[in-house]
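Overview (structure and organization)
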Amino acid sequence: MKITAFKLYRVEPRWLFLKVETDEGIVGWGEPIVEGRAGTVQACVRELSDYLIGQSPLRIEDHWQTLYRGGFYRGGPILTSAISGIEQALWDIAGKYYNMPVYQMLGGAARDKVRVYSWIGGDRPRDVAAAAKEKVEAGYTAVKMNATEEMNYIDSHAKVEAVVDRIAAVREAVGKDVGIGIDFHGRVHKAMAKVLAKELEPYRPMFLEEPVLPENNEALREIARHTTIPIATGERQYTRWGFKQLLMDGCVDIIQPDLSHAGGILEVKKIAAMAEAFDVAVAPHCPLGPIALASSLQVDACTPNAIIQEQSLGIHYNQGSDLLDYLLDPSVFTYKDGYVEIPRGPGLGIEINEEKVEEAARRGHNWKNPVWRHEDGSVAEW
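I will try to describe carefully the structure that is included in this document. (Residues numbered from 1 in each chain as written. Predicted model: local features only at pLDDT ≥ 70, side-chain atom pairs only at ≥ 80, totals over all residues. Heavy atoms only, no water.)

This part covers the packing of helix α2 (residues 60-69) against helix α9 (residues 239-249). Axis separation between α2 and α9 bottoms out at 11 Å; the angle between their running directions is 75 degrees. Judged by the angle between their axes, α2 and α9 are roughly perpendicular. Packed against α2, whose contacting residues are W64, Q65 and Y68, the element α9 presents T239, R240 and W241 at the interface. Its residues assigned to classes, the contact of α2 with α9 shows three nonpolar, two polar and one charged. (Axes fitted to C-alpha atoms, helices over the stretch in contact; angles between N-to-C directions. Helix = DSSP H or I, 4+ residues; strand = E, 2+ residues; numbered from the N terminus. Parallel < 35°, antiparallel > 145°, perpendicular 65-115°, else oblique. Contact = heavy atoms within 4.5 Å. Nonpolar A, V, L, I, M, F, W, Y, C, P; charged D, E, K, R; others polar.)

Mapped onto the fold, A275 is located in helix α10 (residues 265-277). Sequence spacing of A275 and I255 is 20 residues, and the spatial spacing of their C-alpha atoms is 7.6 Å. Those residues in contact with A275, other than ones at most four positions away along the chain, are L247, I255, V280, V282 and N305.

On to the nonpolar core. Counting residues in each nonpolar core, the largest one holds 111 residues, and the members touching the most others are F17, I86, F184, L200, I255, F333 and I350. No other element matches the nine residues that helix α3 (residues 77-98) contributes to this core. One finds A142, M206, I254 and A281 within the second-largest nonpolar core, a separate group that totals nine residues. (Core = buried A, V, L, I, M, F, W, Y, C linked by side-chain atoms within 4.5 Å. Buried < 20%, exposed > 50% of the residue type's maximum accessible area, 1.4 Å probe, protein only.)

Another point: the environment of R14. Tracing the chain through its elements places R14 in the loop between β1 (3-11) and β2 (15-22). Taking the C-alpha atoms as reference points, R14 and G364, separated by 350 residues in sequence, lie 8.8 Å from one another. Apart from the residues lying within four places of it in its own chain, the contact partners of R14 are I33, E35, P287, Y317, H365 and W367. For R14, the side chain forms a polar contact with the main-chain oxygen of P287, separated by 3.3 Å. (Polar contact = N/O pair within 3.5 Å; in protein donor to acceptor, adjacent residues only side chain to side chain.)

In this section: the pairing of strand β6 (residues 179-183). The buried fraction of β6 amounts to five of the five residues, a majority that puts the element mostly inside the structure. Burial of the side chains of β6 extends over both faces: G179, G181 and D183 are buried on one face and I180 and I182 on the other. Sheet topology note: the strand β5 (residues 142-146)/β6 ladder contains five bridges and is parallel. Paired with N146 across the bridge in β6 is D183. For the handedness criterion, the β-α-β arrangement of β5, helix α6 (residues 157-174) and β6 is classed as right-handed. Of the strand pairs in this sheet, β6 and strand β7 (residues 207-209) are connected by three bridges, and their pairing is parallel. Pairing of D183 across the sheet is with E209, part of β7. Handedness of the β6-helix α7 (residues 190-200)-β7 crossover: right-handed. (Pairing = 2+ DSSP bridges. Right-handed = clockwise from strand over helix to strand, strands pointing away.)

A few words now on the side chain of E210. Mapping E210 onto the fold places it in the loop between β7 and α8 (220-225). Of the residues examined, E210 reaches a relative accessible area of 1% and is grouped as buried. A distance of 2.8 Å separates the side chain of E210 from the side chain of R236, its partner in a polar contact. When sequence neighbours within four positions are dropped, the list of residues in contact with E210 reads D183, F184, H185, G186, A232, T233, E235 and R236.

Below, the discussion takes up the sheet that holds strand β3 (residues 27-30). Taken in spatial order, the three strands make up an open sheet running β1-β2-β3, and their pairing is antiparallel. Unpaired on one side and paired on the other, β1 and β3 mark the two borders of the sheet. Pairwise comparison of adjacent strand axes, ignoring direction, gives a mean angle of 20 degrees for this sheet. Examined bridge by bridge, β2 and β3 share four bridges and lie antiparallel to one another. For K19, the partnering residue across the bridge sits in β3 and is W29. Along the sheet, helix α1 (residues 38-52) contacts β1 and β2; its crossing angle with β1, the most-contacted strand, is approximately 175 degrees.

Within this structure, the stated rule accounts for 13 aromatic pairs. Between F17 and Y326 the ring centres are 5.5 Å apart and the planes differ by 85 degrees, which places this aromatic pair in the edge-to-face class. Here F17, found in strand β2, pairs with Y326, found in the loop between β11 (309-310) and β12 (335-336); they are 309 residues apart in sequence, far enough to count as distant. The pair F17 / Y326 is uniform in exposure class, with both members buried. Across the ring face of Y339, the terminal group of K113 is positioned such that the distance to the ring centre comes to 4.5 Å. The ring of Y326 carries the charged tip of K356 above its face, separated from the ring centre by 5.9 Å. (Phe/Tyr/Trp six-rings, centres within 6.5 Å; stacked < 30°, edge-to-face > 60°. Lys NZ or Arg CZ within 6 Å of the ring centre and 35° of its normal.)

The subject of this paragraph is the environment of Y153. By the secondary structure assignment, Y153 is in the loop between β5 and α6. Along the backbone, Y153 and Q88 are 65 residues apart, and their C-alpha atoms lie at a distance of 39 Å. Discounting residues that sit within four places of it in the chain, Y153 has contacts with H189, A191 and M192.

Dropping the structure here:
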């Protein structure tokens, strides 16, 4: 069996899908994307595809090593996201070839279902208490929300109180047993992150996500001294080498590698095994499309320290299309009592509606994240 073609589809709301074709008629799907840089990743996939045309799709480890190490310059979000989507598609082909789900090829199931959480509140969090209550009534046992809008290096007590009031309202609305993930989104700097962590502790969040930007991860040690809330980060870390120092520093409780950014299915499985050795949990990042989610669930299925899965159904980014729109059988992602069943079909366990994908690709998209500014006109973190 040989790879014959790579086909890329830029589809709403902000995704890039890849179909890898073979001479035996088996196709695999991947999701190589950096949100807001779809065209750049698209060009990278095309460049990498030159090596893979005519090759066996089943030599996944060797292809990953070649694509990552074959160039003198390596790593970073564009290259590793391109490799991630290609690698997902190769696993999808392998699973269909051997007629088994990917997780079965990675050691078999460690669980029967995976806990999921739902986003609430949007980029500038609002109406969060009502939204959280609605999600819990729909069966979710955990929600996640952005903590704040723009926040400067040193900011006002009013902004801190606004964050605390929102979280307090959510806790009151959902009760003491529902998980509340609070995403700082890298918007908060070290000084204010310490203040917020201390102030939010009475509301017992499930975790604080990206309390500081990943390039400032050394600050996590000091933030950890100010709170007992679990600290989560990792969506902007790439490959095992990106997580190595983070785990060695011992300040993070949950890592959040993204299956479409960190290097793909097997690479995240390796990252999760590293984390397990440091007694750290895994909660894969996935505000993306159905292929990225299916890939995440394959890793969750066979990873003992995976605790919860992000998913994008109804997320504020999904304008124009949503998570289930490109699937022939949306029931594969049915959420019940806060969990989703492990996909049992071969490969990634999903079937893509190619007609819908082609139609959406004709429209395309040019999604970009907003650029925020502080009151004085200086650039703020989004």
